[in-house]
Amino acid sequence: MRELSIEGAWVVEPQVLLDSRGSFHEWFRDDRFSAATGHGLGLAQANCSVSARGTLRGVHFADVPPGQAKYVKCVRGAVLDVVVDLRTGSPTFKRWEQVLLDDRDHRAVHLAEGLGHAFMALTEGATVVYLCSEGYAPTREHGVHPLDPDLGIAWPTHLTPLLSPKDAGAPGVAEAGERGLLPSYSACVEWYARRRALVAARP
């Protein structure tokens, strides 16, 4: 696991074993995950999405606490995955990072609670699986428009973004902040510390 420039965001680069039968890799290891992050993932829900080429999902995030940490992998095709720091007061507020997730290199991305997540499908039928620390809770789920110029995410220009009505109607980051939707960095740091303390207290 390699930490990205945004605190709480990691890229996982597994060793892929190839032979005449195909390939094998470990796409999640709790011991390595816990050693890197200081806490476990706490799996509560697993999701799978299949997207047409050009589909743009996100930027999604949830109220903290408890938020929703994610561990994301593309198992078919390719997507451009983006992590956005939406935590007000964070030293990297509004910074974003992109990682190519595909069925060749088998990278995965982990993002902590409070970070925003989005991806664009680069291939037809791109299939993404997510492990989530909390279940879906509509009243705690929010979004920021993925094409907001205030974020300036560099999406591929050769694809026409296909958004859901919900994502297309999401506010920009400034409006989301004015409406009190964005998580605070201090609340997130407090939540991360609480999770690490629970792990440290285990017998």
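As recorded by an unreviewed UniProt entry, the protein carries the name dTDP-4-dehydrorhamnose 3,5-epimerase and is attributed to Streptomyces crystallinus. Looking at the protein in UniProt, the text filed under Sequence similarities (unreviewed entry) is "Belongs to the dTDP-4-dehydrorhamnose 3,5-epimerase family."

> Summarise the overall build of the protein; cite the residues concerned and give the values.
Check the secondary structure of the protein and you find four helices and 13 strands. Since a compact globule built from 203 residues should have a radius of gyration of about 17 Å, the 17 Å found for the protein is in line with a globular shape. For the protein, the spread of C-alpha atoms along the principal axes amounts to about 55 × 50 × 30 Å. The proportion of buried residues among the 203 residues of the protein is 49%.

> Kindly report on the environment of glycine 67, identifying the contributing residues and their values.
Relative to the helices and strands, glycine 67 resides in the loop between strand S6 (56-62) and strand S7 (70-76). According to the relative accessible area criterion, glycine 67 is buried, its value standing at 2%. Placed 66 residues apart in sequence, glycine 67 and serine 133 show a C-alpha to C-alpha distance of 8.2 Å. With near-sequence residues (within four places) excluded, glycine 67 lies in contact with Ala62, Glu113 and Glu134.

> Now, about unusual backbone geometry: what can you tell me, with residues and values included?
A cis amide bond links glycine 58 with the next residue in sequence, valine 59, at an omega value of 10°. By the secondary structure assignment, valine 59 is in strand S6. Note that the residue after proline 65, namely proline 66, is joined by a cis bond; omega there is -5°. Along the chain, proline 66 falls in the loop between S6 and S7. Positioned with a positive phi, lysine 94 is a non-glycine residue whose angle comes to about 75°. Positionally, lysine 94 belongs in the loop between strand S8 (78-85) and strand S9 (96-102). The phi dihedral of histidine 106 is positive, around 60°, even though this residue is not glycine. Relative to the helices and strands, histidine 106 resides in the loop between S9 and strand S10 (108-111).

> Could you give an account of the sheet that holds S8, with specific residues and numbers?
Pairing is antiparallel across the open sheet formed by five strands, whose spatial order is S9-S8-S11-S6-S13. Among the strands making up the open sheet, the edge pair consists of S9 and strand S13 (141-143). Between one strand and the next, the sheet's axes are offset by a mean angle of 25°, whatever the strand orientation. Taken together, the three bridges between S6 and strand S11 (residues 115-121) define a ladder with antiparallel strand orientation. Counted as the bridge partner of arginine 57 is phenylalanine 119 from S11.

> I'd like a description of the sheet that holds strand S1 (residues 2-3), backed by residues and values.
If you walk across this open sheet you meet the six strands as S1-S2-S10-S7-S12-S5, and the pairing is antiparallel. Among the strands making up the open sheet, the edge pair consists of S1 and strand S5 (45-51). Sheet topology note: the S7/S10 ladder contains four bridges and is antiparallel. Each residue of the ladder has a partner; that of tyrosine 71, found in S10, is histidine 110.

> Give a detailed account of the pairing of S11, specifying residues and quantitative values.
The buried fraction of S11 is high, at seven of seven residues. Alternating residues of S11 divide into Leu115, His117, Phe119 and Ala121 and Gly116, Ala118 and Met120, and every residue in both groups is buried. As paired strands, S8 and S11 are joined by seven bridges and run antiparallel to one another. Note that in S11 the partner of valine 79 across the bridge is alanine 121.

What counts and how
Residues numbered from 1 in each chain as written. Predicted model: local features only at pLDDT ≥ 70, side-chain atom pairs only at ≥ 80, totals over all residues. Heavy atoms only, no water. UniProt positions renumbered as here; feature names shortened; annotations may be inferred. Helix = DSSP H or I, 4+ residues; strand = E, 2+ residues; numbered from the N terminus. Rg over C-alpha atoms; globule rule 2.2 N^0.38 Å. Buried < 20%, exposed > 50% of the residue type's maximum accessible area, 1.4 Å probe, protein only. Contact = heavy atoms within 4.5 Å. Pairing = 2+ DSSP bridges. Axes fitted to C-alpha atoms, helices over the stretch in contact; angles between N-to-C directions.

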